[in-house]
Amino acid sequence: MSGSTADRSRDSASRDRGQAPTKERFIGLEWLRFVLGLYIVIFHTLHNYPSISGWSHYITDIGFFSTSSFFVLSGFLLAHVYLDHHQSLREPARSFWIKRFANLYPIHIGALLLAMLVSTAVGQLAITPEDAAASIRFVIYDVNNDLGQTDPEALRHYMSDPELAVNLALNVTLLHAWNPLYLTFNPPSWSISALMGFYLVFPWAAPRLFRVRHAGRALALTNLLYLLPPLVVIALTDYGMPETGILHRNPLIRLPEFIAGILLCVLYSRWRQAGYRPGRGPCLAMALWVVGSVVVAVWLLGQGHAWYYLLHNGLLLPAQLMLILLMTRVRSPADPRLQKLARRLGGASLPMFALHVPLYVIFTRAERVLAGEPSRCLGDLRGCLEAAGDSSLMMYPVFLLVTVVFCVMFQERFVLRVREHLQRHLMGRLVPPARQQG
């Protein structure tokens, strides 16, 4: 461990003036947020190219590492930002909830509407044979069917009117992660629903976790508790429904990742107060652990269902914690333009989680039409669609670039504006009229 003289001097000056120590800014965590968002895009889309199917799964097999790391990172950052130097929430819980809701809801609703519109349009246009089945009603039952022990056709399902209404209500109220049977409308958005569930417990949990005497032991216990549900599923079930969906996205089951992030912040804060930072040796050891964990995880995923559940729910948590610690050590670049770029890309990470599926559908269908006979589209739309070509791996980098740019613009031009409006409207209801006028 080596100390940071500048940080200690800054904190000492703040205490001399009777102020709280300066909050540290983590430019490395902004880059990490972006990379996690980009990896989840690759996880859900790269497998669609048959020409690389022989090896692409080695890249995408552990896509869940990205979502889990994001949950841990959220707990860490919220604890770092929202707890004051007395380790108390720096604002009322209702204010915190409103801000978090206002940040998530525009992303979710914008992505939900886009996904429903795209799904309906794709089903009507039917550019590919598979597109004919596209509908906002179409879902696939959530089971771990990698070994083919279940007929794939038996997993396909079209929601009835009552099911459609219930799931639409769950999506509108950000409760859709609680449906263990199947993912609806915009499948990756379950992570936004889970985040909202985590945010509800944060004002109660975070201050109490900071009072834990042995944070390292609490972190180890959290990891062990997180492993209990997959062990139960492995011992007692056949990896079917609803247990797969519960392990995958139930907010209570996934909560230990968020709690682990808060506890990591507890440890980090105590190390920082003591003037310690990981030196070159510990950082190298953590980097080797992270890389080794990923390599071993990819190998274990080929050894059966049990390893998938264990890796998905807890076995990789130490590597995720170490990755976040490593990224806190990344120094902020001197160039303010790079700092701004990191913040913009980091801010677009959650829109990337939410929007990439409908964006991929739009991009690849447009690509297919352009690869066919697009000149026919003005006079013979059906003939133009039937003449559509194939998607090309050569265009995949273009898709990734378009997705990143679109999500940056979506965050800055839509989400931030709607968030400000929601905060003003909802915060105003918390303040008595007399105080608002003052």
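What you are looking at is a predicted structure, and each value in this text was computed from that prediction instead of being measured. Counting restarts for each chain, with residues numbered from 1 along the sequence as it is written. Residue-level local features of this predicted model are given only where pLDDT is at least 70; pairs of side-chain atoms are given and counted only at 80 or more, and the full residue set underlies all totals for whole chains, interfaces and linings. For the side-chain quantities, the full set of heavy atoms in the structure was used; hydrogens and water were omitted.

J.: Give me the overall build of the protein: which residues, what numbers.
T.: Put simply, DSSP H or I for four residues or longer makes a helix, DSSP E for two residues or longer makes a strand, and each gets a number counted from the N terminus. Of the regular secondary structure elements, the protein holds 19 helices and 2 strands. Each principal axis of the C-alpha distribution contributes one length, and for the protein these read about 75 × 60 × 45 Å. For the protein, the distance from the average site of its 39 positive side-chain charges to the average site of its 27 negative ones is 17 Å. Positive charges come from Lys and Arg alone, negative charges from Asp and Glu alone, with His and the N- and C-terminal ends not counted. Charge positions come from single atoms, namely NZ of Lys, CZ of Arg, CG of Asp or CD of Glu.

J.: Give a detailed account of the pattern of salt bridges, specifying residues and quantitative values.
T.: What makes a salt bridge here is a side-chain nitrogen of Lys or Arg within 4 Å of a carboxyl oxygen of Asp or Glu, nothing more. Applying the stated criterion across every chain, the model contains 13 salt bridges. Of the charged contacts, one joins Arg344 and Glu412 as a salt bridge, the two residues approaching to 2.7 Å between their closest N and O atoms. Of this pair, Arg344 sits in helix H15 (residues 336-347) while Glu412 sits in helix H18 (residues 396-428), and the two are 68 residues apart along the sequence. For each residue, the accessible area found with a 1.4 Å probe, counting protein chains only, is set against the maximum for its type, and the residue is called buried under 20%, exposed over 50%, and partly exposed in between. For Arg344, a relative accessible area of 32% translates into the label partly exposed. Using a relative accessible area of 24% as the deciding quantity, one classes Glu412 as partly exposed. The partner of Glu386 in a salt bridge is Arg382, and the shortest N-O contact between them spans 3.8 Å. A residue pair is termed a helical-turn pair when its members lie 3 or 4 positions apart in one helix, as Glu386 and Arg382 do in helix H17 (residues 381-386) at 4 residues. Look at Arg382 and you get partly exposed, because its relative accessible area is 36%.

J.: I'd love a proper account of the packing of helix H2 (residues 27-45) against H18, names of residues and values included.
T.: Structural elements are reduced to axes, namely lines fitted to C-alpha atoms, with helices fitted over the stretch in contact, and the angle between N-to-C directions of any two is expressed from 0 to 180 degrees. Packing of H2 against H18 brings their axes to within 11 Å, and their N-to-C directions diverge by 135°. Comparing the axis directions of H2 and H18 gives the class oblique. The element H2 and its partner H18 pack so that their crossing is right-handed. Facing H2, whose interface residues are Phe34, Leu38, Val41, Ile42 and Thr45, H18 presents Tyr396, Phe399, Leu400, Thr403 and Val404. Classification convention: Asp, Glu, Lys, Arg as charged; Ala, Val, Leu, Ile, Met, Phe, Trp, Tyr, Cys, Pro as nonpolar; all other residues, Gly among them, as polar. Of the residues in the contact of H2 with H18, the class split is 8 nonpolar, 2 polar and no charged. Any angle from 65 to 115 degrees is called roughly perpendicular, while one under 35 is roughly parallel, one over 145 is roughly antiparallel, and all others are oblique. Put simply, a crossing is left-handed when the front helix is turned counterclockwise from the back one by less than a right angle, and right-handed when it is turned clockwise. Pairs of residues are marked as contacts when any of their non-hydrogen atoms sit within 4.5 Å.

J.: Mind laying out the environment of Pro152, listing which residues take part and the relevant values?
T.: Tracing the sequence through the fold places Pro152 in helix H6 (residues 152-155). In this structure the C-alpha to C-alpha distance between Pro152 and Leu422, which are 270 residues apart in sequence, comes to 43 Å.

J.: Let's hear about the nonpolar core: which residues, and what values?
T.: Grouped together as the largest cluster of nonpolar side chains are 93 residues, with contacts concentrated most on Phe202 and Ile262. Sequence-distant contacts of Ile262, defined by excluding residues within four places in its chain, comprise Gly75, Phe76, Ala79, Phe202, Ala206, Leu209 and Phe210. Buried Ala, Val, Leu, Ile, Met, Phe, Trp, Tyr and Cys residues that are joined via side-chain atoms within 4.5 Å together make up what is termed a nonpolar core. The next biggest cluster of nonpolar side chains, apart from the first, holds 7 residues, and it includes Leu112, Val139, Met159 and Phe185.

J.: Which residues make up the confidence of the model for the protein, and what values go with them?
T.: Scored from 0 to 100, pLDDT records how confident the predictor is in each individual residue. Predicted confidence across the protein gives a mean pLDDT of 88, with 91% of residues reaching 70 or more. This stretch, residues 1-20, has a pLDDT under 50; its non-local contacts, to residues over four places away or in other chains, come to 28 contacts. Confidence drops under a pLDDT of 50 for residues 432-438, and excluding neighbours within four residues, the segment shows 2 contacts in the predicted structure.

J.: Summarise a nonpolar patch on the surface; cite the residues concerned and give the values.
T.: A grouping of Leu221, Leu225, Leu228 and Leu231 is seen on the molecular surface, where their side chains present a nonpolar patch of about 370 Å² in accessible area. With respect to the helices, strands and loops of the structure, Leu231 is situated in helix H9 (residues 215-236). Only residues whose relative accessible area exceeds 30% and that take part in no salt bridge are eligible for patches, with like-charged residues grouped when within 9 Å of each other and nonpolar side chains (Val, Leu, Ile, Met, Phe, Trp, Tyr) grouped when within 5 Å. Every accessible area reported is derived by Shrake-Rupley at a probe size of 1.4 Å, with residue values counting cover from the shown protein chains alone.

J.: Go over the state of the cysteines with me, naming the residues and quoting the values.
T.: Cysteine pairs can be covalently joined through their sulfur atoms, and such a bond is termed a disulfide. Cysteine sulfurs are considered disulfide-paired once they come within 2.5 Å of each other. The tally for this structure, following the rule as stated, stands at 1 disulfide. Free of any disulfide, Cys283 has its nearest cysteine sulfur in Cys265, 17 Å distant.

J.: Break down the packing of aromatic side chains for me, citing the residues and quoting the values.
T.: Each Phe, Tyr or Trp ring (for Trp, its six-membered ring) is paired with any other whose centre lies within 6.5 Å, and the angle between the two planes then decides the class: stacked below 30 degrees, edge-to-face above 60, tilted in between. The full count for this structure, using the stated rule, is 24 aromatic pairs. Here Phe202 and Phe258 contribute two aromatic rings whose centre-to-centre distance is 6.2 Å and whose plane-to-plane angle is 65°, an arrangement assigned as edge-to-face. Placement of the pair is Phe202 in helix H8 (residues 190-209) and Phe258 in helix H11 (residues 251-273), with a sequence separation of 56 residues. Taken individually, Phe202 and Phe258 each receive the classification buried, so the pair is uniform in this respect. Between Phe363 and Phe399, the aromatic rings sit 5.6 Å apart at their centres with planes inclined by 55°, giving tilted as the arrangement.

J.: Describe H11, listing the residues and the values that go with them.
T.: Here H11 is 23 residues long and its end C-alpha atoms lie 32 Å apart, about the 33 Å a rise of 1.5 Å per residue gives. The buried count for H11 comes to 19 of 23 residues, which makes it a mostly enclosed element. Polar contacts here mean pairs of N or O atoms no more than 3.5 Å apart (in protein, one a potential hydrogen donor and the other a potential acceptor; neighbouring residues in sequence count only if both atoms are side-chain atoms). By the N-cap criterion, in which a side-chain oxygen at the helix start approaches the backbone nitrogen of a residue two or three places on, H11 is capped by Asn250, the distance to Leu252 being 2.9 Å. At the exit of H11 stands Gly275, carrying a positive phi of roughly 80°. Helices are assigned an expected span. That span is 1.5 Å times one less than the residue count.

J.: Can you explain the environment of Cys384? Please cite residues and give values.
T.: Position of Cys384 among the secondary structure elements: in helix H17. Considered as a pair, Cys384 and Gly372 are 12 residues apart in the sequence and their alpha carbons are 7.4 Å apart. If sequence neighbours within four positions are ignored, Cys384 has contacts with Val369, Glu373, Pro374, Arg376 and Cys377.

J.: Explain helix H7 (residues 161-172) residue by residue, including any values.
T.: If you check H7, its first and last C-alpha atoms are 16 Å apart, about what 12 residues at 1.5 Å a residue would give, namely 16 Å. Against the buried residues of H7 lie helix H5 (93-125). Phi turns positive, to about 60°, at Leu174, one or two residues after H7.

J.: Which residues make up the side chain of Thr328, and what values go with them?
T.: With respect to the secondary-structure elements, Thr328 resides in helix H14 (residues 317-328). When neighbours within four sequence positions are excluded, Thr328 is seen to be in contact with Phe26, Leu29, Phe76 and Tyr268.

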